[in-house]
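Summary of the model geometry
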Amino acid sequence: MKKPEGLKRLLLAAVPGLAADPTRLAMFIDKGKLTARGTGTLSFEYSYTLNIVVQDYSGEIDDLMVPIVAWVAEMQPDLLDRAPNEPFTFESEILDGDAADVSIDLELTEAVRVVRKPEGGFTATHLDEPSREDAFAGVCGVNLWQLLLREDMNPASVIAVPDRG
């Protein structure tokens, strides 16, 4: 599965303080399923809950949530259309002082196309999500990634974009 690693890279780059101590960020895959059809192809889809845990977080909660919303808009845009407009859930345990442990749950899917090679073996390609180019044209003419990352950072180097193979 490729999406968790891409989201992890984004959070470490965009959330103040996480890059200095990446051990405070943990990710778990819960309730994983693999869906396949008996159509003569080995292609399938992963579906799972990605649980993101940020321990001892003392920053602004918006600094954590905005990068996740931006990532969802790019990598799992169907979550933005879920009724009742709740793309993900979260819980928080308030600790001493200004710190909290924050747990975020995202329901993710990843389609995988499997093609047999003529010489034997196979190639598995994780497919991009369907395009929503008109849904998030940006905020005030600014791409969401520009709000999160320095201008000298290339979003493609932070976000794992699966090849279309």
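Our structure is the block above this text.
Below or above, wherever it landed, is the structure these notes cover. (Residues numbered from 1 in each chain as written. Predicted model: local features only at pLDDT ≥ 70, side-chain atom pairs only at ≥ 80, totals over all residues. Heavy atoms only, no water.)

1. Re the overall build of the protein
Summing up its helical and strand segments, the protein has four helices and five strands in all. Of the contacts formed within the protein by residues at least 6 apart in sequence, a portion of 64% connects residues at least 24 apart. Accessible surface, the protein: about 10100 Å² in total, of which carbon and sulfur atoms supply 51%. (Helix = DSSP H or I, 4+ residues; strand = E, 2+ residues; numbered from the N terminus. Contact = heavy atoms within 4.5 Å. Areas by Shrake-Rupley, 256 points an atom, 1.4 Å probe, with all protein chains shown as cover.)

2. Looking at the packing of aromatic side chains
Inspection of the entire model under this criterion finds one aromatic pair. Relative to Y46, the ring of F44 has its centre 5.1 Å away and its plane inclined at 90 degrees; by these criteria the two rings are edge-to-face. A relative accessible area of 18% means that F44 is categorised as buried. On the basis of relative accessibility, which here comes to 21%, the residue Y46 falls in the partly exposed class. (Phe/Tyr/Trp six-rings, centres within 6.5 Å; stacked < 30°, edge-to-face > 60°. Buried < 20%, exposed > 50% of the residue type's maximum accessible area, 1.4 Å probe, protein only.)

3. Let's talk about the nonpolar core
Judged by nonpolar contacts, the single largest core of 25 residues is most densely connected at L11, I52, L64, I68 and L106. When contributions to this core are tallied by element, the ones reaching two or more residues are α1 (3-14), β2 (44-57), α2 (61-75) and β4 (100-116). Among the elements that make up this core, the one with the highest residue count is α2 (six residues). Residues contacting I52, with those up to four places away along its chain left out, are L7, L11, L25, A26, M27, I68, V102, S103, I104 and L106. (Core = buried A, V, L, I, M, F, W, Y, C linked by side-chain atoms within 4.5 Å.)

4. Quick look at the environment of L108
Here L108 shows up in strand β4. When its relative accessible area of 1% is taken as the criterion, L108 is described as buried. As a C-alpha pair, L108 and G32 span 76 residues in sequence and 9.5 Å in three-dimensional space. Those residues in contact with L108 that lie beyond four places of it in its chain are K3, Y46, S47, Y48, L50, W71, Q76 and L79.

5. Things to note about α1
Its twelve residues give α1 an end-to-end C-alpha distance of 16 Å, which sits within 8% of 16 Å, the value for a rise of 1.5 Å per residue. Buried within α1 we find K3, P4, G6, L7, L10, L11 and A14. The buried residues of α1 occupy an angular sector of 160 degrees when projected down its axis, which confines them to one face. (Expected span 1.5 Å × (residues − 1). Arc of directions from axis to C-beta.)

6. As for the pairing of strand β5 (residues 122-126)
Summarising the sheet, β4 and β5 pair through five bridges and their orientation is antiparallel. Its bridge partner lying in β5, V115 is registered against T123. A loop of five residues connects β4 with β5, the two strands running antiparallel in sequence, and G120 in this loop sits at a positive phi of about 110 degrees. (Pairing = 2+ DSSP bridges.)

7. So, the environment of E93
Within the fold, E93 resides in strand β3 (residues 89-94). On the basis of relative accessible area, E93 is assigned to the partly exposed category, the value being 49%. Considering only alpha carbons, one finds E93 and Q55, 38 residues apart in sequence, at a separation of 9.4 Å. Leaving out residues up to four positions away in the same chain, E93 has contacts with A99, A100 and D101.

8. Focus: the pairing of β3
Little of β3 sits inside the fold, with zero of its six residues counted as buried. Hairpin connection, β3 to β4: the antiparallel pair is bridged by five residues, and G97 has positive phi, about 70 degrees.

9. Description of the side chain of N51
Summarising the element assignment, N51 is placed in strand β2. Classification of N51 as buried rests on a relative accessible area of 10%. In terms of polar contacts, N51 uses its side chain to reach the side chain of S103, at 2.8 Å. From its side chain, N51 meets the backbone oxygen of I104 in a polar contact 3.5 Å long. (Polar contact = N/O pair within 3.5 Å; in protein donor to acceptor, adjacent residues only side chain to side chain.)

These figures come from the coordinates and say nothing about function on their own.
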